[in-house]
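# Coordinates in review
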Amino acid sequence: NTEGKKLVLRKGKSIEVAVEALAEGAFGDIAVPNIVVKAKVTGKNRRIVKISPSETLTDANGKATFIITAKKKTGKAKVTFKAGDVKKSIIVKVK
């Protein structure tokens, strides 16, 4: 669950972020491979960070990896990840 999580980056720096796709199983959560996860920077400050790629498939462990890069301006931006009907967001603070 990434909802409400914050990430802090310095201007011009990048970080790799992994998102997990999980399904509820009888004995706990189960990783879901080969589903599309989309990533998008949203909100009024969407130009202060970029995310790459904009979509990717989960691996055998249900993980999708993205790179978030801070640009030259400071502030906060919201990054939203979507897989099927499920959306989760994080706040990225650039300083």
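Not measured: the values here are computed from a predicted model.

## As for the overall build of the chain
When helices and strands are counted, the chain shows zero helices and 10 strands. Of the regular secondary structure in the chain, the N- to C-terminal order runs β-β-β-β-β-β-β-β-β-β. In terms of overall dimensions, the chain is globule-like: its C-alpha atoms have a radius of gyration of 14 Å, near the 12 Å expected for 95 residues. Overall, the chain is about 45 × 20 × 20 Å in size when its C-alpha atoms are taken along their principal axes. Every one of the 95 residues in the chain was classed for burial, and the buried ones make up 27%.

## Let's talk about unusual backbone geometry
The amide bond that connects S52 to the next residue, P53, takes the cis arrangement and shows omega of -10°. With respect to the secondary-structure elements, P53 resides in the loop between strand 6 (49–52) and strand 7 (55–57). Phi at N34 takes a positive value of approximately 60°, unusual for a residue other than glycine. Within the secondary structure, N34 sits in the loop between strand 4 (28–31) and strand 5 (36–42). We classify N34 as exposed; its relative accessible area is 58%.

## What about the sheet that holds strand 9 (residues 75–83)?
Spatially, 1-10-9-5-7 is the arrangement adopted by the five strands of the open sheet, whose pairing is mixed. Of all the strands in the sheet, just strand 1 (5–9) and strand 7 have a single pairing partner and so form its edges. Across this sheet, the average inter-strand angle for adjacent strands is 25°, counted without regard to direction. With nine bridges connecting them, strand 9 and strand 10 (residues 86–94) associate as antiparallel partners. Among the inter-strand pairings, T80 is bridged to a residue of strand 10, identified as S89.

## Concerning the nonpolar core
Core analysis: the largest hydrophobic core is formed by 20 residues, its most contacted members being V49, I51, F66, I68, V79, F81 and V92. Put simply, the parts of the chain that give this core at least two residues each are strand 1, strand 2 (14–20), strand 5, strand 6, strand 8 (63–70), strand 9 and strand 10. Considering every element that reaches this core, the biggest residue donor is strand 8, with four residues. For V79, the contacting residues outside a window of four places in its chain are K40, V41, V49, I51, I68, K88, S89, I90 and V92.

Criteria and thresholds
- Residues numbered from 1 in each chain as written.
- Predicted model: local features only at pLDDT ≥ 70, side-chain atom pairs only at ≥ 80, totals over all residues.
- Heavy atoms only, no water.
- Helix = DSSP H or I, 4+ residues; strand = E, 2+ residues; numbered from the N terminus.
- Rg over C-alpha atoms; globule rule 2.2 N^0.38 Å.
- Buried < 20%, exposed > 50% of the residue type's maximum accessible area, 1.4 Å probe, protein only.
- Pairing = 2+ DSSP bridges.
- Axes fitted to C-alpha atoms, helices over the stretch in contact; angles between N-to-C directions.
- Core = buried A, V, L, I, M, F, W, Y, C linked by side-chain atoms within 4.5 Å.
- Contact = heavy atoms within 4.5 Å.

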